[in-house]
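Report on the structure
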Amino acid sequence: MYRFLLTPRWWGINVFVLLAIPFCVFMGSWQLGRFEDRVDDHRDAEARVASDKREKARALESLLPVTKATSGRQTTATGRYDTQLLVPDRTLDGKDGYYVLTLLRTDGGRALPVVRGWLPGTPDPAKVPAAPTGEVTVTGALQASETPGNNGVSARGGLPAGQTAAISAASLVNLVPYDVHDAWVTLNRGDAGMKAVPATAPGGTGLDLKAFQNLGYTAEWFAFVGFVVFMWFRLLRRELEFARDAELGLLPEEEEQEQREQRGQREHERPSPSGV
């Protein structure tokens, strides 16, 4: 009854199954490893953000350009506050609010975006404390420019004057008449009673969409294993049923019809006794 397993058709099916199962297991394990690596990177990044806050602040120029190694490091810069902007759609401690972003004009010529703090509610310039006048020295965590649409950063346009959706040099150079550093700083202590904005881990080290895509791909590859095994057993069972029916002389209706048509065709092609 199992002699059909030796046919070329079933040799091909069995070889495919034997190759597909370890391949799917390997790919699923690889995707799971990628997810676990991202989890470990996320934990390490969070731990480093906390440890960086205890380190001595370094001059801004020594930490630029911002990389995964320098993001979150403590930095200090001296200058005078200039243009002030509000950054809407920012959540802190589960509450909706906005950042207060002020550009610090440094001696180097470029301005450094400084997040002086966070306020609850909708952006309202009347409620924002005025920036300190004169020369000031700021200390805080260095952050990379934001990308609209990533990590909760709003990508909507058409904001009122005095607002920006993302803290990035690409966005700010269109709002101020001077060059801006491709980085920003969040103060360790909120200015004028505002809440300080915590530093975030550098991009690519968090549990972002890509991390959960890896987890989803893991489930898909292992699901493929189950599907391959299920289909193999289903085909085997179906073949066994056909073999059993053939032994008992029971053929599916379609096969009976096909055999009747073949017999009729042979009889039609058979020459008549008269030789006509």
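All values reported here derive from a predicted model rather than from experimental measurement.

Procedures and definitions
Residues numbered from 1 in each chain as written. Predicted model: local features only at pLDDT ≥ 70, side-chain atom pairs only at ≥ 80, totals over all residues. Heavy atoms only, no water. Helix = DSSP H or I, 4+ residues; strand = E, 2+ residues; numbered from the N terminus. Buried < 20%, exposed > 50% of the residue type's maximum accessible area, 1.4 Å probe, protein only. Contact = heavy atoms within 4.5 Å. Areas by Shrake-Rupley, 256 points an atom, 1.4 Å probe, with all protein chains shown as cover. Salt bridge = Lys/Arg side-chain N within 4 Å of Asp/Glu carboxyl O. Pairing = 2+ DSSP bridges. Patch = residues over 30% accessible without salt bridge, like charges linked within 9 Å, V, L, I, M, F, W, Y side chains within 5 Å. Lys, Arg positive; Asp, Glu negative; His and termini not counted. Charge placed at Lys NZ, Arg CZ, Asp CG, Glu CD. pLDDT = per-residue confidence, 0-100. Phe/Tyr/Trp six-rings, centres within 6.5 Å; stacked < 30°, edge-to-face > 60°. Lys NZ or Arg CZ within 6 Å of the ring centre and 35° of its normal.

Moving on, we get to the overall build of the chain. The helix and strand inventory of the chain stands at 4 helices and 6 strands. Listing every helix and strand of the chain by position from the N terminus yields α-β-β-β-β-β-α-β-α-α. Counting over 276 residues, the chain shows a buried share of 34%. Counting contacts in the chain only where the partners sit at least 6 residues apart, residues at least 24 apart contribute 67% of the total. In the form shown here, the chain has an accessible surface area of approximately 17,100 Å², with 56% of it arising from carbon and sulfur atoms.

What follows deals with the pattern of salt bridges. Inspection of the entire model under this criterion finds 6 salt bridges. Residue K195 is joined to D93 by a salt bridge in which the shortest nitrogen-to-oxygen separation is 3.5 Å. Of this pair, K195 sits in the loop between β6 (183-187) and α3 (209-247) while D93 sits in the loop between β2 (74-92) and β3 (95-106), and the two are 102 residues apart along the sequence. D93 gets classed as exposed once you look at its relative accessible area, which sits at 61%.

Here the amide bond leading from L64 into P65 is cis, since omega sits at -5°, within 30 degrees of zero. Checked against the element boundaries, P65 lands in the loop between β1 (58-59) and β2. For D89, which is not glycine, the phi torsion reads 60° and is therefore positive. With respect to the element layout, D89 can be found in strand β2.

Of all 10 residues making up strand β4 (residues 111-120), 9 are buried, and the element is well covered by its neighbours. As defined by bridge partners, β3 adjoins β4 across 9 bridges and the pair is classed as antiparallel. In the strand pairing of β4, T102 is matched with V114. Between β3 and β4, which pair antiparallel and follow one another directly, the connecting turn spans 4 residues, one of which, G109, has a positive phi of 105°. Here β4 pairs with β6 via 2 bridges, running parallel. Note that in β6 the partner of V115 across the bridge is T186.

The subject of this paragraph is a negative patch on the surface. A surface patch of negative charge is lined by E36, D37, D40, D41 and D44. When you line up the elements, D44 lands in helix α1 (residues 8-52). Take D44: its relative accessible area is 52%, and that puts it in the exposed class.

Averaged over the chain, the pLDDT score is 83; the fraction of residues at 70 or greater is 79%. Taking the mean pLDDT of every element in the chain, the minimum, 55, falls on helix α4 (residues 253-269) and the maximum, 96, on β4.

Moving on: the packing of aromatic side chains. Taken as a whole, this structure holds 5 aromatic pairs when the rule is applied. With a centroid separation of 5.0 Å and 85° between ring planes, the pair formed by W232 and F233 is classed as edge-to-face. Assessed through its relative accessible area of 49%, F233 is described here as partly exposed. In this structure, R105 is placed above the aromatic ring of Y178, and the distance from its NZ or CZ to the ring centre is 3.9 Å. Over the ring of Y81 we find R116, and its NZ or CZ is 5.9 Å from the ring centre.

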